[in-house]
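Architecture at a glance
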Amino acid sequence: ATASLTAVSRQQAGAALDELAAAPLLTEHSPGRYAFHDLLRAYAADQACTCDTETERREALHRMLDHYLHTAYAADRLLRPVRMDMITLAPPRPGAAPEELADDQQAWQWLEAEHPVLLAAIAQAAAHGFDLHACQLLWTLATFLDRRGKWHDSLAAQTVSLAAAQRLGNLAEQPFAHRALGIFCGRLGSYADADTHLHRALELYRQLGDHAGQGATHFLL
């Protein structure tokens, strides 16, 4: 993730992180995972605004979001190889370095470690105008969050994702968000809300002529 954010090699990113941890400006609280004090976080943010242009900051955010999106997509493909609602990702930006996952066990471990970051990335993407990333990140997380029973997290993220899909004005992104909201409202016992979202998803799938989406939504209803 650091390599993607800074557009350097993984070796260079690792050396920089080691140097910062030795300073000590970072704490490596578990292998490969770092934290730092809120005052240092504020200072780093101030330095980024002072030293980097808005374009440079936006490109860095784009690379980081691509890192998480493409890695999470690969993880979902390993956990759930067959899905009727497949999506197509744009290629990652130059400098982004998605992780390589060997099997479904490694995919699950990566999602277990990273899902709080991925949920934060959805909110950050939506807040900074990367609405398609917000929608697609949620798609990649839906299977994991459902299997882990993290339905409240899913509901909050789906609400952000639906708003992003509506801002995009892209009809293809909206029915999945409504269908997923229907699923998680149902998991939490909010059946009236689930019914509303599922019927909206059904209406949108009809407009798109998506028979598979209609069938899946009828099944959920």
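Data block above holds the structure.
Report on the accompanying structure. (Residues numbered from 1 in each chain as written. Predicted model: local features only at pLDDT ≥ 70, side-chain atom pairs only at ≥ 80, totals over all residues. Heavy atoms only, no water.)

**Notes on the overall build of the protein**
The helix and strand inventory of the protein stands at 10 helices and two strands. Taken from N to C terminus, the helices and strands of the protein fall in the order α-α-β-β-α-α-α-α-α-α-α-α. Taken over the C-alpha trace, the protein has a radius of gyration of 19 Å; the compact-globule value for 221 residues is 17 Å, and the two agree within 12%. With the C-alpha coordinates aligned to their principal axes, the bounding extent of the protein is approximately 60 × 35 × 30 Å. Out of the 221 residues in the protein, the part that is buried amounts to 39%. Sequence separation of 24 or more characterises 63% of the internal contacts of the protein that already satisfy a separation of 6 or more. When the accessible surface of the protein is split by element, carbon and sulfur atoms take 55% of a total near 11,800 Å². For the protein, the distance from the average position of its 18 positive side-chain charges to the average position of its 26 negative side-chain charges is 5 Å. (Helix = DSSP H or I, 4+ residues; strand = E, 2+ residues; numbered from the N terminus. Rg over C-alpha atoms; globule rule 2.2 N^0.38 Å. Buried < 20%, exposed > 50% of the residue type's maximum accessible area, 1.4 Å probe, protein only. Contact = heavy atoms within 4.5 Å. Areas by Shrake-Rupley, 256 points an atom, 1.4 Å probe, with all protein chains shown as cover. Lys, Arg positive; Asp, Glu negative; His and termini not counted. Charge placed at Lys NZ, Arg CZ, Asp CG, Glu CD.)

**Digging into the pattern of salt bridges**
Using the criterion set out here, one finds 11 salt bridges in the structure. Its salt-bridge partner being Arg-41, residue Asp-38 comes within 3.9 Å of it at the nearest N-O pair. Of this pair, Asp-38 and Arg-41 both sit in helix H3 (residues 38–51), three residues apart, roughly one helical turn. Note on Asp-38: relative accessible area 57%, which makes it exposed. In this structure Arg-41 comes out as partly exposed when scored by relative accessible area, which is 45%. Of the charged contacts in the structure, one is a salt bridge between Asp-85 and Arg-83, with a shortest N-O distance of 3.1 Å. Residue classification places Asp-85 among the buried positions, given a relative accessible area of 13%. Judged by its relative accessible area of 8%, Arg-83 is buried. Each of the salt bridges in this network shares a partner with another, and the network as a whole consists of Asp-76, Arg-77, Arg-83, Asp-85 and Arg-179. (Salt bridge = Lys/Arg side-chain N within 4 Å of Asp/Glu carboxyl O.)

**What to know about the nonpolar core**
Residues Leu-65, Trp-110, Leu-111, Leu-118, Leu-137 and Leu-141 are the most contacted members of the largest nonpolar core, which totals 39 residues. Counting only elements with at least two residues in this core, the list comes to helix H4 (54–79), helix H5 (104–127), helix H6 (131–147), helix H7 (151–168), helix H8 (174–187) and helix H9 (191–208). Not counting chain neighbours up to four residues away, the residues in contact with Leu-111 comprise Ala-75, Leu-79, Leu-118, Leu-141 and Phe-144. (Core = buried A, V, L, I, M, F, W, Y, C linked by side-chain atoms within 4.5 Å.)

**Comments concerning the pairing of strand S1 (residues 27–30)**
For a regular strand, side-chain orientation follows a simple rule: the groups alternate between the two sheet faces. Sheet analysis places S1 next to strand S2 (residues 33–35), joined by three bridges and oriented antiparallel. Looking at the pairing, Thr-27 lines up with Ala-35 of S2. Where S1 hands over to S2, the hairpin turn is made up of two residues, of which Gly-32 adopts a positive phi near 80°. (Pairing = 2+ DSSP bridges.)

**Concerning the packing of H9 against helix H10 (residues 211–220)**
Put simply, H9 and H10 touch, their axes get as near as 9 Å, and they point 160° apart. On the basis of their axis angle, the class for H9 and H10 is roughly antiparallel. As for how H9 packs across H10, the hand of that crossing is left-handed. Contacts between H9 and H10 involve Leu-198, Ala-201, Leu-202, Tyr-205 and Arg-206 from the first element and Gly-213, Gln-214, Thr-217, His-218 and Leu-220 from the second. Residues of the contact of H9 with H10, tallied by class, amount to five nonpolar, four polar and one charged. (Axes fitted to C-alpha atoms, helices over the stretch in contact; angles between N-to-C directions. Parallel < 35°, antiparallel > 145°, perpendicular 65-115°, else oblique. Left-handed = near helix turned anticlockwise from the far one by under 90°. Nonpolar A, V, L, I, M, F, W, Y, C, P; charged D, E, K, R; others polar.)

**Some remarks on the layout of surface pockets**
By volume, the largest pocket is sized at about 2,200 Å³. Around the largest pocket, the lining is made up of 50 residues, and of these Ala-1, Thr-2, Leu-5, Phe-36 and Met-64 lie nearest the centre. The set of elements that each furnish at least two residues to the lining of the largest pocket consists of helix H1 (2–6), helix H2 (10–22), S2, H3, H4 and H5. The element that contributes the greatest number of residues to the lining of the largest pocket is H4, accounting for 10 residues. Across the lining of the largest pocket, the residue classes break down as 29 nonpolar, 10 polar and 11 charged. Roughly 370 Å³ of volume is contained in the second largest pocket. Lining the second largest pocket are 17 residues, with Arg-80, Asp-146, Arg-179, Ile-183 and Leu-220 sitting closest to its centre. Among the elements that make up the lining of the second largest pocket, the one with the highest residue count is H8 (six residues). Of the residues contributing to the lining of the second largest pocket, the split by class is nine nonpolar, one polar and seven charged. (1 Å grid on protein atoms, 1.4 Å probe; cavity = no way out; pocket = protein on both sides within 12 Å on 5 of 7 lines; lining within 4 Å. Points joined across faces, edges and corners; volume = space filled by probe spheres on them.)

**A closer look at unusual backbone geometry**
If a residue is not glycine, its phi is most likely negative; likewise, a peptide bond is most likely trans. That bond from Ala-23 to Pro-24 is cis: its omega, -5°, falls within 30 degrees of zero. Along the chain, Pro-24 turns up in the loop between H2 and S1. One non-glycine residue, Ala-7, adopts positive backbone phi at about 60°.

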